[in-house]
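Coordinate inspection notes
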Amino acid sequence: LSGLKVTEPSAEKMSITHYETGGFYTTHYDSEDDTPAFRRRLGTFLLYLNGNYRGGNTVFPHLQLAITPQQGDGLVFYSHKTNSRLDELTLHTGCPIKEGDKWIGSLWIRNTTQHGPAATCFGDQLYVRPG
Ligand SMILES: O=C(O)CCC(=O)C(=O)O
Ligand SMILES: [Fe+2]
């Protein structure tokens, strides 16, 4: 999809997060400017593993973007701009779950051993809903 390598060492292992009612992910960036460029997190792939809950939107406040996930949705975003600085528009949060359980897979894709055009293809936000 992105052309990026998504297996180790180019990406971390996918981590699975389980939120219960009331659970949330505080507002954060997935990357930072201080990390050496070759190791930093280029971008993120979020996979929404289930859908039977209320609340739990993924919100990008600076973009005024709220994603209401459905089971099987994937979200890809790049955390750095073309000048390699952190893209502050990628600030985001996992909103509190109002009812039910939310399961996601998070894959943080690193700059390590990426090569070719994909590694410099920053800036496109991609949201995929199958079907
Ligand atoms: O659960 C969410 O909607 C956001 C998760 C997230 O930001 C992350 O795993 O880095
Ligand atoms: Fe995140």
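This text goes with the structure placed above it.
Description of the structure in this document. Just so you know, these numbers come straight off a predicted model, no measurement behind them.

**Observations concerning the pattern of salt bridges**
- For the structure shown, the criterion picks out five salt bridges.
- In this structure, Lys13 and Glu8 form a salt bridge, with 3.2 Å as the shortest nitrogen-oxygen distance.
- Where Arg41 meets Glu12, a salt bridge forms, and the shortest distance between an N and an O atom there is 2.8 Å. Taken together, the residues span a long stretch of sequence, with Arg41 in strand 3 (residues 41–48) and Glu12 in the segment before strand 1 (15–19) at a distance of 29 residues.

**So, the coordination of the iron ion (ligand 2)**
- The coordination sphere of the iron ion (ligand 2), as far as protein atoms go, consists of His28 (NE2), Asp30 (OD) and His92 (NE2), spread over 2.0 to 2.2 Å.
- Mapping the donors of the iron ion (ligand 2) onto the primary sequence gives the spacing H-x1-D-x61-H.
- We classify Asp30 as buried; its relative accessible area is 7%.

**Regarding unusual backbone geometry**
- For the peptide bond that leads from Glu8 to Pro9, omega is 5°, which places it in the cis range.
- Checked against the element boundaries, Pro9 lands in the segment before strand 1.
- Backbone geometry at Gln64 places phi at a positive 50°, although glycine is not the residue there.
- Tracing the sequence through the fold places Gln64 in the loop between strand 5 (58–60) and strand 6 (65–67).
- What makes Gln64 exposed here is its relative accessible area of 76%.

About the criteria used
Along each chain, numbering runs from 1 in the same order as the chain's sequence is written. Chains carry letters from A onward and ligands carry numbers from 1 onward, assigned in written order. Local features in this predicted model are restricted to residues of pLDDT 70 or higher, and side-chain atom pairs are both shown and tallied only at a pLDDT of 80 or more, whereas totals for entire chains, interfaces and linings draw on every residue. Water and hydrogen atoms were dropped before computing side-chain values, which therefore reflect all heavy atoms in the structure. Salt bridges, as used here, are contacts in which a Lys or Arg side-chain nitrogen is within 4 Å of a carboxyl oxygen on Asp or Glu. Each helix is a run of H or I in the DSSP string that is no shorter than four residues. Each strand is a run of E no shorter than two, and both are numbered from the N terminus. Water is absent from the atoms considered, so a metal site may look incomplete; donors are defined as N, O and S atoms within 2.8 Å of the metal, or 3.2 Å for Na, K and Ca. A 1.4 Å probe rolled over the protein chains alone gives each residue an accessible area, and that area as a share of the maximum for its type sets the label: buried under 20%, exposed over 50%, partly exposed in between.

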